[in-house]
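# Reading the structure
Given next are the chains, with one letter for each unit.
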Amino acid sequence: MNEPVTSLIPLPRAVNGSAGSFRLETTTSLSADPGAEAVSGWLRAALGPATGCPLPPGEGGIRMRLDPGLPPEGYLLDVTPAGVHIGGGSAAGVFYGAQTLRQLLPPAALRRAAISAGPWEIPAQRITDEPRFAWRGVLLDVARHFMPVSDVLRFIDLAVFHKLNVLHLHLTDDQGWRIEVPGLPRLTEVGSWRSASMLGSRGHERYDGRPHGGYYTTADLREIVAFAAARHITVVPEVDMPGHMQAAIAAYPELGNGFAGPVRSAWGISEHVLNVGPEALDFCRAVLDHVCDVFPGELIGIGGDECPTTEWRDSPSARQRIRAEGLAGPHELQPWFTARLAEHLATRGRRLFGWDEILAGGAPPGAVVAAWRGRAPTTHAVRAGHQVVACPDIAVYLDYRQSDDPGEPTPVGTRLTLADVFAFDPVPDGLSESEAALVLGGQANVWTEHLESARRVDYQAFPRLCAFAETVWGPPGRDFAGFSARLPAHLARLDALGVGYRPLTGPRPWDARPDAPGHPRDLAGRLAELHEMTAGLRRVAT
Ligand code: ACM
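What you see as residue numbers is a count from 1 along each chain, following the sequence as written. Local features are withheld for residues below a pLDDT of 70 in this predicted model, meaning they are given only at 70 or higher, and side-chain atom pairs are given and counted only at 80 or more; totals for whole chains, interfaces and linings count all residues. The side-chain numbers reported here are obtained from all heavy atoms of the structure, hydrogens and water having been left aside.

### A closer look at the side chain of Glu 449
Each helix is a run of H or I in the DSSP string that is no shorter than four residues. Each strand is a run of E no shorter than two, and both are numbered from the N terminus. With respect to the helices and strands, Glu 449 occurs in the loop between β19 (439-446) and α15 (454-461). Not counting chain neighbours up to four residues away, the residues in contact with Glu 449 comprise Asp 141, Arg 144, His 145, Trp 267 and Asp 399. In what follows, a contact means two residues having at least one pair of non-hydrogen atoms within 4.5 Å.

Spelled out as structure tokens, the structure:
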């Protein structure tokens, strides 16, 4: 009898060991019933080069099939000495069963070429598994630092290795516009690059003196979408508006409120926001039309966070809009604007996805909220009847520093250790059952002001994303000691996958960034700030 497997991440619901083992051989075949063929093709491609086992089609060996009796994303993985059966409630379920199978093999099976002849032995066992949440997301900010397509595809593969199923792609910001839009060439000619980048966090006023840029063509984005879809990941695109728009305004100054300047080199929030005239709205609709053409998912992100109203207070056209629409003041312009975007998306059969600032003044009906300003906005969103994705900065912002070690690269935000991320639960205390049902799940956000390369993304994301995956896949009542005991075996898998994760022992000398100093925050100070920032939501709720 094998001991129950203890090193899988995320931890499955149930693992029952049995006698013997299955050995993957060069002659082992792989068959797939209708609906599971694509997953079998993916597994063949994933395992073949490293194991030398080509897994030809045929009976016996590994068999995949859909099992309508299982939950939609659930699977049953049965390993016996005679063969491996993977049943899934859907193709996604079969895919997650296949991901578990990969983790059960020796780590060398995860490499891209053979370094070992095996044996590729899997202890006999029966695993039944299903996720707790339907939204197991990760945000990648490709605006602050552009990531080549190959790095995005690699990141998707790492996300699905941990059974995540949503990639929120933050495509535009003050510091760069990364999506080609037909008919608006200056967005990429001008908006996709900046002359320099701030080094480290604000307050130090250091710059690197080096241009930074890049953008995705429509073909690039279609490739990302298709690659993700083949791995059961939905890409949720975000074009941030009406704030975080300085790159677009640098390209088309007529979209702004008099600003005529460059794409922003400093981090932080620009005061240069879209105007609220008809041309700016038409621009937004045209961009969203293109986004809808490229991204097939129901949800389209319009951002909506951190939009200063300073320029609107001084703008004759904003005052005219306020009068014409009967609004109470500049603070009502953003809700008005967001409602227009929601109406437009509805004409395309899509729903609006926005940061929790869209709750101020009432988010459009049917909007899905990404609740980031601490934990309170998740509660506010569900009490206003919205579906919500919980991504509080103080729990799951993976750009935040991992320890108090002064050698952490560009330490920003509050300290978020592996244990802190593991302790995250998307459902806040005090929700009724029907309110909790509106929490679609959780999302870890990888903001990249201080992550200029895939290597830096690896360091910030791993192994914390492994802990996060367990919080959104597994049932509540998790055990950090158990996770920690499984982690070393999992880190050997990440080694084989070439992930530059942060060592559990802390940063190495070469991880430090003395050239790019940070700004560590303490939790009490941040909580007070968040309380202040979300005061408007409390006024709406009461
Ligand atoms: C955000 O962190 N501004 C969503």
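### Observations regarding empty space enclosed by the protein
Whether a set of points on the 1 Å grid over the protein atoms alone is a cavity depends on a 1.4 Å probe fitting there but being unable to get out, while an open set qualifies as a pocket with protein on both sides within 12 Å along at least five of seven lines; lining residues are those with an atom within 4 Å of a point. Grid points are joined across faces, edges and corners, and a volume is the space filled by probe spheres set on the points. Tallied over the entire structure, the rule returns one cavity of 30 Å³ or more. Forming the walls of the largest cavity are Arg 375, Thr 378, Ala 390, Pro 392, Phe 424, Asp 425, Pro 426 and Pro 428. Its residues placed into classes, the lining of the largest cavity shows five nonpolar, one polar and two charged. Each residue is assigned to one class: nonpolar for Ala, Val, Leu, Ile, Met, Phe, Trp, Tyr, Cys and Pro, charged for Asp, Glu, Lys and Arg, and polar for all the others, Gly among them.

### Notes on the nonpolar core
To define a nonpolar core, start from buried Ala, Val, Leu, Ile, Met, Phe, Trp, Tyr and Cys residues and group those joined through side-chain atoms within 4.5 Å. Each residue gets one of three labels from its accessible area relative to the maximum for its type: buried under 20%, exposed over 50%, partly exposed in between, using a 1.4 Å probe on protein chains only. Membership of the largest hydrophobic core comes to 161 residues, with the highest contact counts inside it found for Leu 140, Trp 177, Leu 187, Tyr 216, Ile 224, Met 241 and Phe 283. At nine residues, the largest contribution of residues to this core is made by helix α7 (residues 278-294).

### A word on the UniProt feature "domain: Glycoside hydrolase family 20 catalytic" (unreviewed entry) in the chain
The UniProt feature table records "domain: Glycoside hydrolase family 20 catalytic" (unreviewed entry) at residues 133-474. When the span residues 133-474 is considered, its composition is 35% helix and 15% strand, and the gap between its end C-alpha atoms is 8 Å. UniProt positions are given in the numbering used here, feature names are shortened, and annotations may be inferred rather than shown by experiment.

### Re the packing of α7 against helix α10 (residues 333-347)
Orientation is described by axes fitted as lines to C-alpha atoms, over the contacting stretch for helices, and by angles from 0 to 180 degrees between their N-to-C directions. One way to put it is that α7 packs onto α10 with a least axis distance of 10 Å and a crossing angle of 40°. Viewed along their axes, α7 and α10 adopt a mutual orientation that is oblique. You can see that α7 and α10 cross each other, and the crossing is right-handed. Seen from α7, the contacting residues are Leu 281, Cys 284, Arg 285, Leu 288, Asp 289 and Cys 292; seen from α10, they are Trp 336, Phe 337, Arg 340, Leu 341, His 344 and Leu 345. In these notes the angle categories are as follows: under 35 degrees is roughly parallel, over 145 is roughly antiparallel, 65 to 115 is roughly perpendicular, and the rest is oblique. Whether a crossing is left-handed or right-handed is set by the direction in which the near helix is turned from the far one by less than a right angle, anticlockwise for left-handed and clockwise for right-handed.

### Concerning the pattern of salt bridges
For salt bridges, the criterion is a side-chain nitrogen of Lys or Arg within 4 Å of an Asp or Glu carboxyl oxygen. Within this structure, the stated rule accounts for 29 salt bridges. For Glu 73, the salt bridge identified is with Arg 136, shortest N-O distance 2.9 Å. Residue Glu 73 is located in the loop between β3 (61-66) and β4 (75-80), and its partner Arg 136 is located in strand β7 (residues 135-141); the two are separated by 63 residues in the primary sequence. In this pair, the class of Glu 73 matches that of Arg 136, namely buried. Ionic contacts of the salt-bridge type, sharing partners, join the residues Asp 141, Arg 144, Asp 173 and Glu 449 into one network.

### Thoughts on the UniProt feature "active site" (unreviewed entry) in the chain
In this numbering, the UniProt entry assigns the feature "active site" (unreviewed entry) to Glu 306. Along the chain, the position of Glu 306 falls in the loop between β14 (299-303) and α8 (310-313). A residue is classified by how much of its surface remains accessible, and Glu 306, at 24% relative accessible area, is partly exposed. In this structure, Glu 306 is in contact with His 244, Ile 269, Glu 357 and Trp 372, ignoring residues within four places of it in sequence. Between N or O atoms, a polar contact is any pair within 3.5 Å; within protein, one atom must be a potential hydrogen donor and the other a potential acceptor, and residues adjacent in sequence are included only when both atoms are from side chains. Only 2.8 Å separates the side chain of Glu 306 from the side chain of His 244, close enough to count as a polar contact.

### Here's the deal with the pairing of β4
Sheet analysis places β4 next to strand β5 (residues 83-88), joined by six bridges and oriented antiparallel. Bridging from a neighbouring strand, Tyr 75 pairs with Gly 88 of β5. Pairing between strands is defined by DSSP: at least two bridges between the two strands are required. The antiparallel pairing of β4 with β5 creates a hairpin that spans two residues between the two strands. Summarising the sheet, β4 and strand β6 (residues 120-129) pair through five bridges and their orientation is antiparallel. Bridge assignment links Asp 78 to a residue of β6, and that residue is Arg 126.

### Things to note about the sheet that holds strand β2 (residues 30-32)
Read from one edge to the other, the open sheet built from six strands follows the order β1-β6-β4-β5-β3-β2, with strand pairing classed as mixed. Each end of this open sheet is capped by a strand with a single partner; those strands are β1 (14-24) and β2. Adjacent strand axes in the sheet meet at a mean angle of 20°, parallel and antiparallel pairs treated alike. Its contacts with the sheet place helix α1 (residues 37-51) against β1, β2, β3 and β6, and it is angled at close to 165° to β2.

### Focus on the packing of aromatic side chains
Ring geometry is summarised as follows: Phe, Tyr and Trp rings, the Trp one being its six-membered ring, pair when their centres sit within 6.5 Å, and such pairs are stacked at plane angles under 30 degrees, edge-to-face over 60 and tilted between the two. Within the structure shown, the criterion is met by 14 aromatic pairs. A centroid spacing of 4.7 Å and a plane angle of 40° characterise the contact between Phe 146 and Tyr 216, whose relative ring orientation is tilted. Of this pair, Phe 146 sits in the loop between β7 and α3 (149-161) while Tyr 216 sits in the loop between β12 (212-213) and α5 (218-229), and the two are 70 residues apart along the sequence. Since its relative accessible area comes to 17%, Phe 146 is described here as buried. Residue classification places Tyr 216 among the buried residues on the basis of a relative accessible area of 0%. Three or more aromatic residues joined by ring pairs form one cluster here, namely Trp 355, Trp 372, Tyr 397, Tyr 400 and Trp 447.

### Section: unusual backbone geometry
Between Gly 118 and the following residue, Pro 119, the backbone shows a cis peptide bond with an omega angle of 5°. Within the secondary structure layout, Pro 119 lies in the loop between α2 (91-104) and β6. The step from Met 241 to Pro 242 runs through a cis peptide bond, and the omega angle for that step is 5°. Relative to the helices and strands, Pro 242 is located in the loop between β13 (234-238) and α6 (246-251). We note that Leu 55 has phi near 50°; this positive angle belongs to a residue other than glycine. In this structure, Leu 55 sits in the loop between α1 and β3. For Leu 55, a relative accessible area of 0% gives the class buried. The residue Glu 306 is not glycine, and still its phi comes out positive at about 45°.

### Thoughts on helix α17 (residues 480-497)
An ideal rise of 1.5 Å per residue puts 26 Å on 18 residues; α17 measures up with 24 Å between its terminal C-alpha atoms. For α17, every residue scored as buried is listed here: Phe 483, Arg 486, Leu 487, His 490, Leu 491, Arg 493, Leu 494 and Ala 496. On the buried face of α17, the contacting elements are α2, α3, α13 (418-422) and α16 (464-473). Among the residues of α17, the N-terminal cap falls to Asp 479, whose side-chain oxygen and the backbone nitrogen of Ala 481 are separated by 3.1 Å. One or two positions beyond α17, positive phi appears at Gly 498, with a value near 75°. By definition here, a helix of n residues has an expected span of 1.5 Å times n minus one.

### Notes on the environment of Gly 69
Structurally, Gly 69 can be placed in the loop between β3 and β4. Taking the relative accessible area as the measure of exposure, Gly 69 reaches 67% and is therefore exposed. Gly 69 sits 200 residues away from Ile 269 along the chain, and the two C-alpha atoms are 50 Å apart.

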